[in-house]
2 protein chains.
Amino acid sequence: MRYALEEMGAALKAARERQGLSQRELADAAGTDQARISKIESGDIDLRLSSLVNLARTLGLELVLADRRHLPAVEAILKERASDADPGRRSRVIRRIRENLQNLQRAHPDDRQLKQAMNAVAVLNMARLTEAELALLEEASGQLSDAKPEAMDQLRPRLETLIRLRNAKAHGAPDTPGQQPAYTLDDDDE
Amino acid sequence: MRYALEEMGAALKAARERQGLSQRELADAAGTDQARISKIESGDIDLRLSSLVNLARTLGLELVLADRRHLPAVEAILKERASDADPGRRSRVIRRIRENLQNLQRAHPDDRQLKQAMNAVAVLNMARLTEAELALLEEASGQLSDAKPEAMDQLRPRLETLIRLRNAKAHGAPDTPGQQPAYTLDDDDE
DNA sequence: CAAAACGATGTATAAAAATACATCAAAATG
DNA sequence: CATTTTGATGTATTTTTATACATCGTTTTG
C-alpha cells in the first residue's frame, strides 16, 4: 500500500515547486532537514499525521477528510486555478447571481432566506474571491436561472450555499471538526 | 501541537458513529484492534499516514490536501451535500426532540407553551427542513435533554425557538426581529 | 438480574519514524 | 570553468507507532 504515500509525496512536491521553494528552504521553514523532505516527496517514508499537517501548513495546505461520494465535486473545485486571465468575470458572476435572486424575489417578496442570500451576495461582492469560490457562485447561478421561481424548495440548497460561503469567509473558516473531513490530493499542477 | 490529532480523532469518531459502527467493528474492518481505535479517536496516537488513509477509507472517507484559500468553497460543498447524504438524520432529530418534550410533559402536564411546542414539532415533521434548521433542532434537543424537568424556566427559550421556527416556515412570519437568526451559523455538524 | 457489548486504559515487543549529520552527483550560476 | 545550489542517499541514535493481549468499569440487551 505504497500508493498513498507516493501520491501524497507528489502532491507536496508539486505544492513546494509551485511556490518556488527548494527542499532546503522548505525544510528550514518546517523545522526539519532537506534529507527528510527528499524522502517524503519520493514516498520513502510513511510520516506521522502531525508531521504531515505541519508540512502541509507550511505550504499553505490543509488536510480535509471528505466523504468519498463528494470527492468529484471537491476535486472539481480544487482543480480550478486562480487565474487572473479574466478580470471581468468576477463582476459578471456577481451581477448575474444578483439578477437571479431579484427575479426570485418578485415571486417570493418576503422570503427570509432569499433576503439572507441577497445579503450574502452583497457581502461576497466586497470580498476577495478565489477562483474556486467564483466557480461555486457560477454553479449556483446556473441552477438558479434554470429553475422556475415556483420551485423555491429546490432552490434553497443554492441559497444555503451562498449564505454558507459568506459565513465561511466572514469567520475565516474556523472549521468544525465534527464533520466529514479527510484528505486526498490537490494535485493541481503548473 | 496536539490539536490536529484530536480534531482528526474526533472527525474519525464522528464518521464511525454516523455509520453505526462500534470501535471493535471498525477495528476488524480496518485490520487492527479496538484499543487502537480508542486511542486514535482520543488523539492519544500520532498515527502514520498509511494508517490514517487505511482507516479513513474503511469509513468511506478520503484525505484531501487542499489549498487553504479554497477551504471555504470545499467546506461549503461538503456541508451542502451532507444534508442530502443522511436521510435518517431528520427522523432521528424529530424523534429525539419529541421524546424530550414528552418527558417534560410528564412533569408539566398542563403547560401551554409546552403544548405549543409539541404542536410545532408535529408541523415541522411534515415540513422540509434545511441543514441549518436540522442543526437548530439538534441544538435545541441537546439542551432540552441536558436540563432537568424542574428547571422549566430555563427551557422556555428553547420552546420559543421551536415555535418560532414553525411559524417562520408556516407563514413566513416576520416573527424574529433580531438581527441574525441563529440558524445561519456555520457551525452545524452531525 | 445476568450476560454481552462497549469503550478506555495498560503492558510488552518489534518495526519504523524522527532527528541530526555526512556525502555526492547533477544542475544552475557567476 | 569554478562555485554554489539542489536533491538523492546513507548512517547512527532516540523516540514512537504498530501489534497483540489483558483488564475493567459502564451501558445495553436478553
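Residues numbered from 1 in each chain as written. Chains lettered and ligands numbered in written order. Predicted model: local features only at pLDDT ≥ 70, side-chain atom pairs only at ≥ 80, totals over all residues.

1. Details of the overall build of chain A
What counts is decided by this rule: A run of H or I in DSSP becomes a helix once it reaches four residues, and a run of E becomes a strand once it reaches two; helices and strands are each numbered from the N terminus. Distance between backbone-placed C-beta atoms decides contact: two residues are in contact if it is within 7 Å.
Secondary structure summary: chain A contains nine helices and one strand in total. For chain A, the succession of helices and strands along the chain, N to C, is α-α-α-α-β-α-α-α-α-α. In chain A, the share of contacts with a sequence separation of at least 24, taken over all contacts with a separation of at least 6, comes to 75%.

2. Remarks on the protein's contact with DNA strand D
Quick reminder of the rule: As used in this record, a residue near a molecule or strand is one whose C-beta atom, placed from the backbone, is within 6 Å of it. Classification used: nonpolar for Ala, Val, Leu, Ile, Met, Phe, Trp, Tyr, Cys and Pro, charged for Asp, Glu, Lys and Arg, polar for all others including Gly.
Around DNA strand D, the structure places 19 residues, and the nearest of them are A:Ser22, A:Ala35, A:Ser38, B:Asp46 and B:Arg48. Counting residues per element, the ones that place at least two in the surface near DNA strand D are α2 (23-30) and α3 (34-41) of chain A together with α3 (34-41) of chain B. Sorting elements by how many residues they give to the surface near DNA strand D places α3(A) first, with five residues. Per-class residue counts for the surface near DNA strand D are four nonpolar, seven polar and eight charged.

3. Section: the environment of A:Ala14
Within the secondary structure, A:Ala14 sits in helix α1 (residues 3-18). Each C-alpha atom of the pair A:Ala14 and A:Glu41 lies 9.2 Å from the other, and the pair is 27 residues apart in sequence.

4. Quick look at the protein's contact with DNA strand C
Neighbouring residues of DNA strand C: 19 residues in total, closest A:Asp46, A:Arg48, B:Ser22, B:Ala35 and B:Ser38. Secondary structure elements with two or more residues in the surface near DNA strand C: α3 of chain A together with α2 (23-30) and α3 of chain B. When residues in the surface near DNA strand C are grouped by element, the largest group, five residues, is from α3(B). Across the surface near DNA strand C, the residue classes break down as four nonpolar, seven polar and eight charged.

5. Overview of the packing of α2(A) against helix α4 (residues 49-58) of chain A
Each pair of packed helices gets described by two things: the angle between the helix axes and the distance between those axes. Residue and element names in this part refer to chain A. The criterion, for reference: Axis lines are fitted to C-alpha atoms, over the contacting stretch for helices. Their N-to-C directions set the angle, which ranges from 0 to 180 degrees. Each angle is binned into one of four classes, with values under 35 degrees roughly parallel, values over 145 roughly antiparallel, values of 65 to 115 roughly perpendicular, and all other values oblique. Left-handed is the label given to a crossing in which the near helix is rotated counterclockwise from the far helix by less than a right angle, and right-handed is the label when the rotation is clockwise.
Relative to each other, α2 and α4 sit at 115 degrees, their axes nearing to 9 Å. The pairing of α2 with α4 is recorded here as roughly perpendicular in orientation. For α2 against α4, the interelement crossing comes out right-handed. Contacts between α2 and α4 pair Leu26, Ala29 and Ala30 from the former with Asn54, Leu55 and Thr58 from the latter. Among the residues forming the contact of α2 with α4, the class breakdown is four nonpolar, two polar and no charged.

6. Overview of the pairing of strand β1 (residues 61-67) of chain A
The test is simple: Here the C-beta atoms are placed from the backbone, and a residue counts as buried if at least 20 other C-beta atoms lie within 10 Å of its own, exposed if 12 or fewer do, and partly exposed otherwise. A pair of strands is labelled paired if DSSP reports no fewer than 2 bridges between them.
The buried fraction of β1(A) is high, at seven of seven residues. Burial along β1(A) is two-sided: A:Leu61, A:Leu63, A:Leu65 and A:Asp67 facing one way and A:Glu62, A:Val64 and A:Ala66 facing the other are all buried. Two elements, β1(A) and strand β1 (residues 61-67) of chain B, share seven bridges in a ladder whose sense is antiparallel. For A:Asp67, the partnering residue across the bridge sits in β1(B) and is B:Leu61.

7. Let's talk about the nonpolar core
For clarity, the cut-off: Nonpolar cores are built from buried Ala, Val, Leu, Ile, Met, Phe, Trp, Tyr and Cys residues. These are joined into a set through C-beta atoms within 7 Å.
Formed by 71 residues in total, the largest nonpolar core has its most connected members in A:Leu49 and B:Leu49. No other element matches the seven residues that helix α1 (residues 3-18) of chain B contributes to this core. Residue contacts for A:Leu49: discarding those within four places in its chain leaves B:Ala4, B:Leu5, B:Met8, B:Asp46, B:Leu47, B:Leu49 and B:Leu52.

8. Some details on the confidence of the model for chain A
Residues and elements named next belong to chain A. As a reminder, the rule being used: Scored between 0 and 100, pLDDT is the confidence that the predictor attaches to each residue.
Per-residue pLDDT for chain A averages 74, and the proportion of residues at 70 or more is 73%. Between residues 81-85, whose pLDDT stays under 50, and residues either more than four places distant or in other chains, the model counts five contacts. Low pLDDT, under 50, characterises residues 171-190; the predicted model gives this stretch 69 contacts beyond four residues in sequence or across chains.

9. Some points on the environment of B:Ala56
Residue and element names in this part refer to chain B. By secondary structure assignment, the location of Ala56 is in helix α4 (residues 49-58). With 26 C-beta atoms packed within 10 Å, Ala56 lands in the buried category. In this structure, the C-alpha to C-alpha distance between Ala56 and Ala15, residues 41 residues apart in sequence, is 8.9 Å.

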